[in-house]
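Residue-level structural notes
Each chain is listed here by its residues.
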Amino acid sequence: MIEKIIEYCARNKFVVFAILAFIVAWAFWALDNTPLDAIPDLSDVQVIIWTEWMGRSPDIVEDQITYPIITRLVAAPRVRAVRGISMFGMSFVYVIFEDGTDIYWARSRVLEYLNAITGKLPPGVRPILGPDATSIGWVFEYALVDESGGHSLADLRAFQDWTLKYYLEAIPGVAEVASVGGFVKQYQVNVDPNALLAYNVPLMDVINAIRKSNNDAGGRVVEFSSTEYFVRGRGYIKSLKDVENVPIGTDGNGTPILVKNIGTVQFGPDIRRGLAELDGKGEAVGGIVIMRYGENALDVINRIKQKIEDIKPSLPEGVQIVTTYDRADLIQRAIAVLREALTEEMIVVALVIILFLFHLRSALVPIVILPIAVLISFIPMYYMGITSNIMSLGGIAIAIGAMVDASIVLVENAHKKLEGMQTGLLAYDRDKTVIEALKEVGR
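In this text the structure is predicted, and so the values were computed from the model without any measurement. Note on numbering: residues in each chain are counted from 1, in written sequence order. Residues qualify for local features only when their pLDDT is at least 70, as the model is predicted, and side-chain atom pairs are given and counted only at 80 or more; totals for whole chains, interfaces and linings, by contrast, use all residues. Heavy atoms from the whole structure form the basis of all side-chain values; hydrogens and water molecules are not counted.

As for the nonpolar core
- What we call a nonpolar core is a set of buried Ala, Val, Leu, Ile, Met, Phe, Trp, Tyr and Cys residues that are connected through their side-chain atoms within 4.5 Å. Each residue is assigned to one of three classes by its accessible area relative to the maximum for its type, calculated with a 1.4 Å probe on protein chains only: buried under 20%, partly exposed between the two thresholds, exposed over 50%. F140, Y142, L164, L168, V289, I304 and I321 are the most contacted members of the largest nonpolar core, which totals 47 residues.
- With eleven residues, the top contributor of residues to this core is helix 11 (residues 328-357).
- By size, the runner-up hydrophobic cluster in this structure holds 23 residues, among which are L73, A76, V110 and V125. Here a helix means four or more residues in a row that DSSP labels H or I, a strand means two or more in a row labelled E, and each is numbered from the N terminus.

The structure is reproduced here in structure tokens:
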């Protein structure tokens, strides 16, 4: 079979070059659309379910949340395994699907099964799906630095959570931006137990009053002189004074009891279970950018950098965005390894052929074949969903050696046959001699 293919190709040059031109164009398209990354994605197709139920012990979380979710999702189609982790106030369930399952199909199946179990969970508990990313989606990280000292860690964290984060999450290919470090600002009410006892007010009444006061009330319209006036009650909390003046009840004589009568109201940080530190200079606020599943890591990183440059003029005075992790450099070096290996192989093979065969045209054979073969290899990579990473590009670099050997063997055997024809030992014409030489070692 191989001999027939060799002979057909040798005698139908136009067909070969036409097919080659088509394949090369196809290969360029595949190369342009093959995702670039430094690390091969060997992770399972998994969907993470996160559920928060603060203040509950791990065994209660296990019985009330983790176990019901696991037992329901075990029956989902194409599920290979379901693993659960119960922590203080939180539950994590990892649903592992069979290889080859589309991740968005898997996420939709998980949502269907979660809808059927929502009524069996404790009131107010809502499971949330994790980002549509994999374990290697962590492609970029940055820190917010204010060397002027004009902004506290709480201010930087507020800017990160309510401004910068949304800018970056809008970038195509970004699945999530996770905030780290700093202090999450809270409205904190420090209740005096003696005041509660004196006013005979239960603590739950204080909690409910504050919760109900932070809300707008809608109404209808009132018409005066052909003009409509909207009627509504405005109750959203905007300052500490708004919380202080929330009424809890009355003292029995018609005098309202306000929050400020039973405690103090202040801004304060949420409880922290970790921190972020930068270069030994102290605490910092940062963000971790997670790439969406199947995206081109290099393109996503470039878009992130461009967006950061665009928003730098709008940063608070004295605040800078410092890059702390950038995978783009590793990706570029991985590509450079293949480029250098390909260039070195072509130069070495050309020199070997020229030195031993003294024939420049023969050296063009491997010089042309090697880059075309490497280019064509991106076609199956694209359709198999393999990214251009250290492992795949390293495999191509190693395979270059085998292609080089084949080129040298073919060229050298053709030269030997041609030398025999010139000395009169073989009575064949030139084209037939070359074809026979290629067929002889083609396997």
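Don't stop here, the text continues.
Some points on the environment of V221
- Inspection of the secondary structure assignment puts V221 in strand 8 (residues 221-224).
- Take V221: its relative accessible area is 39%, and that puts it in the partly exposed class.
- Through-space distance from the C-alpha of V221 to that of R232 is 8.8 Å; in sequence the pair is eleven residues apart.
- In contact with V221, not counting residues within four places along its chain, are E228, Y229 and F230. The contact rule is simple, with two residues in contact once any of their heavy atoms fall within 4.5 Å.

Looking at a nonpolar patch on the surface
- Side chains of I347, V348, L351, V352, L355 and F356 sit close together on the surface and give an oily, nonpolar patch of about 600 Å² of accessible area.
- Mapped onto the secondary structure, F356 falls in helix 11.
- Look at F356 and you get exposed, because its relative accessible area is 66%. Residues enter a patch when their relative accessible area is above 30% and they make no salt bridge; the linking distance is 9 Å between like charges and 5 Å between nonpolar side chains (Val, Leu, Ile, Met, Phe, Trp, Tyr). Areas reported as accessible are Shrake-Rupley estimates using a 1.4 Å probe. Residue values count occlusion only from the protein chains shown. We define a salt bridge as a contact between a side-chain nitrogen of Lys or Arg and a carboxyl oxygen of Asp or Glu at a distance within 4 Å.

Quick notes on the pairing of strand 9 (residues 227-230)
- Each pair of strands is called paired provided DSSP finds at least two bridges between the two strands. With four bridges connecting them, strand 8 and strand 9 associate as antiparallel partners. Among the inter-strand pairings, E223 is bridged to a residue of strand 9, identified as E228.

Things to note about the confidence of the model for the protein chain
- The share of residues in the protein chain with pLDDT of 70 or more is 98%, and the mean pLDDT across the chain is 87.
- For the protein chain, per-element mean pLDDT is lowest for helix 14 (residues 390-422), which scores 78, and highest for strand 3 (residues 90-97), which scores 95. Per-residue confidence from the predictor is reported as pLDDT, which spans 0 to 100.

Structural notes on the sheet that holds strand 1 (residues 45-52)
- The sheet built from four strands is open, its strands ordered 2-3-1-4 with antiparallel pairing. Two strands in the sheet have a free side with no partner beyond their single neighbour: strand 2 (79-87) and strand 4 (128-129).
- Pairing geometry for strand 2 and strand 3, over eight bridges, is antiparallel. Bridge pairing in strand 3 links A81 to I96.
- Here an axis means a line fitted to C-alpha atoms, over the contact stretch when the element is a helix, while the angle between two N-to-C directions is reported on a 0 to 180 degree scale. The sheet contacts of helix 3 (residues 58-73) involve strand 1, strand 2 and strand 3, and relative to strand 2 the element is tilted by about 170 degrees.

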